[in-house]
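Here is what each chain is made of, one letter per residue.
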Amino acid sequence: MKIYHSIAEMRQFIKTQQGKTLGFVPTMGALHKGHIALVERAKTENDLALCSIFVNPIQFNKTEDLLKYPRTEEADAALLRTVDCDVLFMPSADAFYPKKVEMRMDFGHLETLMEGAFRPGHFSGVGIVLSKFFNILQPKRAYFGQKDLQQCAVVQKLVEELSYDLELVICPTQREGSGLAMSSRNKRLTPNQLQEASRLYKALKQLAEAFLKGRNLDTEKAIVIADLQRNTVFNVEYIEFVDRISLVPASPTHTPTQTAICLAASIGGVRLIDNIIVAEA
Ligand code: PAF
């Protein structure tokens with residue numbers, strides 16, 4: 001596996017690969033099976049699989065969250081080698097952003113909902129880092145996990161509105177045996193918190209069932225939130241029934257296939273997100 005740390009070296013390598021298709025898996029490291037599934041898919045669908053590891057400072061709206069983000073670069077590189085990843089791009093923050101970033105991106109209605117509303121400036125940072133990566137790497141395909149459903153909608157908008165010539169590939173959420181969605185942030189949880197965190201998936205399943213049975217969703221949501229917040233185990237930021245593509249609130253005519261249930265909650269100060277499509281629950 002080739003490893004590059006600077007934009008100049010990375011561009012130089014890309015120039016030598018003209019005519020080959022590149023599958024790009026952007027990550028912030030602390031890799032888990034979910035990331036590895038993306039790299040494996042990128043390998044099967046392209047001539048080369050390239051993974052980036054970059055904890056992007058401009059997408060964190062809380063400094064504490066940035067400082068506590070798990071960093072396991074050596075283990076990450078070793079894991080990528082086990083699946084024969086071809087290239088790892090791992091720039092430092094100073095190499096990637098030599099000057100303070102002054103520009104901002106605005107993703108319209110997506111800024112006002114769920115992650116957009118609770119993490120002001122987050123999607124601007126995601127849009128800028130991905131635009132830089134797309135410009136440097138010129139990938140044919142980029143791979144994202146469905147766990148970050150709203151991020152997928154943001155990237156779709158970025159690709160469409162800026163005419164990036166690439167295909168966005170959204171892959172299913174990988175889960176632990178307990179149902180907990182795999183996430184780099186899980187590395188910050190204690191064994192007890194990990195067990196508690198699996199209740200988030202159960203909550204999503206319970207709400208999907210309520211949807212399918214035609215129950216009153218406001219009532220069901222209130223019950224689920226009260227249950228999760230009992231004894232202050234979780235602080236629930238939101239649970240929403242939304243259109244799976246536009247992410248706007250689902251209407252009464254939405255079908256189970258069109259509807260996603262999304263949530264964000266923190267446990268022990270670690271913020272987790274998850275979602276399911278009602279028809280797939
Ligand atoms: O999902 C992530 O890990 C990040 O938001 C991404 C896409 C790597 C951009 O920094």
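Refer to the preceding data block for the structure.
Just so you know, these numbers come straight off a predicted model, no measurement behind them. Sequence order as written defines residue numbering, which begins from 1 separately in each chain. For this predicted model, a pLDDT threshold of at least 70 governs which residues receive local features, and a threshold of 80 or more governs which side-chain atom pairs are given and counted, while totals over whole chains, interfaces and linings are taken from all residues. The side-chain figures draw on all heavy atoms in the structure; neither hydrogens nor water molecules are used.

A. Fine view of the nonpolar core. Remark: nonpolar core denotes a set of buried residues (Ala, Val, Leu, Ile, Met, Phe, Trp, Tyr, Cys) joined through side-chain atoms within 4.5 Å. Burial classification: accessible surface area is computed with a 1.4 Å probe over protein chains only, and a residue below 20% of its type maximum counts as buried, one above 50% as exposed, and the rest as partly exposed. Judged by nonpolar contacts, the single largest core of 49 residues is most densely connected at Met-10, Phe-134 and Leu-137. Per the convention used, a helix needs a DSSP run of H or I reaching at least four residues, while a strand needs a run of E reaching at least two, with both numbered from the N terminus. Of the residues forming this core, the biggest block, nine residues, is contributed by helix H7 (residues 122-137). In this view, Met-10 contacts Tyr-4, Leu-50, Val-87, Phe-89, Ile-136 and Leu-137; residues no more than four positions away in its chain are not counted. Counting 24 residues, the second largest nonpolar core, distinct from the first, contains Tyr-201, Phe-211, Leu-228 and Ile-261. Only heavy atoms matter for contacts: two residues are in contact if any of them lie within 4.5 Å across the pair.

B. How the structure looks around the packing of helix H10 (residues 199-212) against helix H11 (residues 217-229). Convention adopted: a line fitted to C-alpha atoms gives each axis, helices being fitted over their contacting stretch, and angles between N-to-C directions are expressed from 0 to 180 degrees. Across the interface, H10 lies against H11 with an axial gap of 10 Å and an inter-helix angle of 165 degrees. As summarised for this structure, H10 and H11 are arranged roughly antiparallel, according to the angle between their axes. Two packed elements cross with a definite hand, and for H10 against H11 that hand is right-handed. Of the residues in H11, those in contact with Arg-199, Leu-200, Ala-203, Gln-206, Leu-207, Ala-210 and Phe-211 of H10 are Leu-217, Glu-220, Lys-221, Val-224, Asp-227 and Leu-228. Residues belonging to the contact of H10 with H11 are distributed by class as follows: eight nonpolar, one polar and four charged. In this scheme, roughly parallel covers angles under 35 degrees and roughly antiparallel covers those over 145, while 65 to 115 is roughly perpendicular and the rest are oblique. Each crossing gets its handedness from the near helix: less than a right angle anticlockwise from the far helix is left-handed, clockwise is right-handed. In this count, Pro and Cys sit with the nonpolar residues alongside Ala, Val, Leu, Ile, Met, Phe, Trp and Tyr, while Asp, Glu, Lys and Arg are called charged and the others, Gly among them, polar.

C. Structural detail: the site of the ligand. It suffices for a single heavy atom of a residue to lie within 4 Å of a molecule or strand for the residue to be listed as near it. In the vicinity of the ligand, the contacting residues are Pro-26, Thr-27, Met-28, Asn-56, Gln-59, Val-129, Phe-144 and Gln-151. Under this definition, polar contacts are N or O atom pairs within 3.5 Å; protein pairs additionally need one hydrogen-donor-capable and one acceptor-capable atom, and for neighbouring residues in sequence, both atoms have to be side-chain atoms. Between the ligand and the protein, one listed contact pairs an oxygen atom with a side-chain N or O atom of Gln-59 at 2.6 Å. Residue Gln-151 places a side-chain N or O atom 2.7 Å away from an oxygen atom belonging to the ligand. Protein contacts shield 90% of the accessible area of the ligand, which totals 290 Å² for the unbound molecule. Its residues assigned to classes, the shell around the ligand shows four nonpolar, four polar and no charged. We get accessible surface area from the Shrake-Rupley algorithm with a probe of 1.4 Å; when it comes to residues, only the shown protein chains can shield them.

D. View of the pairing of strand E5 (residues 141-145). Among the five residues of E5, four are classified as buried, and the element is accordingly described as predominantly covered. Paired strands are those between which DSSP finds at least two bridges. Note that strand E2 (residues 22-27) and E5 share two bridges and pair parallel. In the strand pairing of E5, Gly-23 is matched with Arg-141. In terms of strand pairing, E5 meets strand E6 (residues 167-171) through five bridges, oriented parallel. In the sheet register, Ala-142 faces E6, and the bridge partner there is Leu-168. Seen with its strands pointing away from the viewer, a crossover is right-handed if its path from the first strand over the helix to the second goes clockwise. The handedness of the E5 to E6 crossover, carried by helix H8 (residues 149-161), is right-handed.

E. Structural view of the sheet that holds strand E8 (residues 259-267). Spatially, the three strands line up as an open sheet ordered E7-E8-E9, and their pairing is antiparallel. Either end of the sheet is taken by a strand with one partner, and the two such strands are strand E7 (234-243) and strand E9 (270-277). Neighbour to neighbour, the strand axes of the sheet diverge by 15 degrees on average, direction disregarded. Where H10 meets the sheet, its contacts fall on E7, E8 and E9, and the angle it forms with E9 comes to roughly 30 degrees.

F. Summary view of empty space enclosed by the protein. Cavities and pockets were defined on a 1 Å grid built from protein atoms only: a cavity is a group of points that admits a 1.4 Å probe but offers it no way out, a pocket is an open group of points flanked by protein on both sides within 12 Å along at least five of seven lines, and a lining residue is one with an atom within 4 Å of any such point. Grid points are joined across faces, edges and corners, and a volume is the space filled by probe spheres set on the points. If you walk through the whole model with that rule in mind, you get three cavities of 30 Å³ or more. As for the largest cavity, its lining consists of 46 residues, and the residues nearest its centre are His-35, Tyr-69, Lys-147, Asp-148 and Gln-151. Of all the secondary-structure elements, those providing two or more residues to the lining of the largest cavity are E2, helix H2 (33-45), helix H6 (114-118), H7, E5, H8, E8 and E9. Tallying contributions element by element places H7 first for the lining of the largest cavity, with six residues. Of the residues contributing to the lining of the largest cavity, the split by class is 22 nonpolar, 17 polar and seven charged. What lines the second largest cavity is Lys-147, Leu-180, Ala-181, Ser-183, Asn-186, Leu-200, Leu-272, Ile-273 and Asp-274.

G. Here's a closer look at the sheet that holds strand E1 (residues 2-4). Taken in spatial order, the six strands make up an open sheet running E1-E4-E3-E2-E5-E6, and their pairing is parallel. Taken across any chain shown, the strands that pair with only one partner, and hence form the sheet edges, are E1 and E6. Each strand of the sheet is rotated relative to its neighbour by a mean of 25 degrees, with strand direction disregarded. Inspection of the sheet shows E2 paired to strand E3 (residues 48-53) by six bridges, in the parallel sense. Note on E3: the bridge partner recorded for Gly-23 is Ala-49. Its contacts with the sheet put helix H4 (residues 73-82) on E1, E3 and strand E4 (87-89), and the angle it makes with E3 is roughly 165 degrees.

H. Up close: the side chain of Ser-198. Mapped onto the secondary structure, Ser-198 falls in the loop between helix H9 (191-197) and H10. Exposure remark for Ser-198: the relative accessible area of 6% places this residue in the buried category.

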